[in-house]
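Analysis of the macromolecular model
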Amino acid sequence: MAAELVTALSVTAGAAAVGVLVYKTFFSKDKCAKPKVNLDLQKDNPKVVHAFDIEDLGDKAVYCRCWRSKKFPYCDGAHAKHNQETGDNVGPLIIKLKDA
């Protein structure tokens with residue numbers, strides 16, 4: 001009797017585990033949700049866009065691509081901490097005049 005009970009509990013636990021895995025794989029909405037890049041900058045705007053005239057850039061401009069900069073859209077080096085915490089390898093966009 002005890003052996004039958006252990007077998008029944010094992011089968012039930014296994015079936016429950018398979019059911020949870022199937023649910024998470026096929027029916028969970030979390031699998032469709034992709035992580036957001038922009039966590040807190042201008043969230044009231046439908047799209048964050050910045051435009052600059054080439055003439056206004058000077059000799060060099062460094063722009064943020066990790067969305068963590070406190071000086072966004074300019075880079076303040078926040079990508080270093082972001083990369084360390086996430087294993088990412090993002091860096092800034094650097095625009096400079098061509099050396100003559």
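Before reading on, note that the structure itself is shown above.
Residues numbered from 1 in each chain as written. Predicted model: local features only at pLDDT ≥ 70, side-chain atom pairs only at ≥ 80, totals over all residues. Heavy atoms only, no water.

**Quick look at the overall build of the protein**
When helices and strands are counted, the protein shows 2 helices and 2 strands. Taking 2.2 N^0.38 as the reference for a compact globule, 100 residues should give roughly 13 Å; the C-alpha atoms of the protein span a radius of gyration of 25 Å, well beyond that estimate. Its C-alpha atoms put the protein at 90 × 30 × 25 Å along the principal axes. Burial status across the protein gives 19% buried among its 100 residues. In the form shown here, the protein has an accessible surface area of approximately 8,700 Å², with 59% of it arising from carbon and sulfur atoms. (Helix = DSSP H or I, 4+ residues; strand = E, 2+ residues; numbered from the N terminus. Rg over C-alpha atoms; globule rule 2.2 N^0.38 Å. Buried < 20%, exposed > 50% of the residue type's maximum accessible area, 1.4 Å probe, protein only. Areas by Shrake-Rupley, 256 points an atom, 1.4 Å probe, with all protein chains shown as cover.)

**As for the layout of surface pockets**
Counted as a void, the largest pocket has a volume near 170 Å³. What lines the largest pocket is His50, Phe52, Ile54, Leu57, Tyr63, Cys64, Arg65, Trp67, Phe72, Pro73, Leu93 and Ile95. Looking at side-chain class alone, the lining of the largest pocket contains 10 nonpolar, 1 polar and 1 charged residues. (1 Å grid on protein atoms, 1.4 Å probe; cavity = no way out; pocket = protein on both sides within 12 Å on 5 of 7 lines; lining within 4 Å. Points joined across faces, edges and corners; volume = space filled by probe spheres on them. Nonpolar A, V, L, I, M, F, W, Y, C, P; charged D, E, K, R; others polar.)

**Regarding the environment of proline 92**
Tracing the sequence through the fold places proline 92 in the loop between α2 (78-86) and β2 (93-96). Between the C-alpha atoms of proline 92 and tyrosine 63, which are 29 residues apart in sequence, the distance is 5.5 Å. Contacts of proline 92, omitting those with residues within four sequence positions, involve Val62, Tyr63, Arg65, Cys75 and His79. (Contact = heavy atoms within 4.5 Å.)

**Focus on α2**
Residues of α2 that are buried: Ala78, His79, His82 and Asn83. On an axial view of α2, the arc spanned by its buried residues comes to 135°, and they lie on one face. Residues of α2 that are exposed and point more than 90 degrees away from the buried face comprise Lys81, Gln84 and Glu85. One or two residues past the end of α2 sits glycine 87, with phi positive at roughly 80°. (Arc of directions from axis to C-beta.)

**Topic: the nonpolar core**
Residues Leu41, Val48, Cys64, Cys66, Phe72 and Val90 constitute the largest nonpolar core, which totals 6 residues. Dropping the residues within four chain positions of it, cysteine 66 is found in contact with Val37, Ala78, His79, His82 and Val90. (Core = buried A, V, L, I, M, F, W, Y, C linked by side-chain atoms within 4.5 Å.)

**As for the pairing of strand β1 (residues 60-63)**
Side-chain positions along a regular strand alternate between the two faces of the sheet. Only one face of β1 is buried: it carries Ala61 and Tyr63, and the other face, with Lys60 and Val62, is open. Note that β1 and β2 share 4 bridges and pair antiparallel. Across the sheet, the residue bridging to valine 62 is isoleucine 94, located in β2. (Pairing = 2+ DSSP bridges.)

**A few points about the state of the cysteines**
This structure, assessed with the given rule, holds 0 disulfides. Take cysteine 66: it sits in no disulfide, and the sulfur closest to it among the cysteines is that of cysteine 64, at 3.8 Å. In this structure cysteine 66 comes out as buried when scored by relative accessible area, which is 6%. (Disulfide = S-S within 2.5 Å.)

In short, geometric facts, not functional conclusions.
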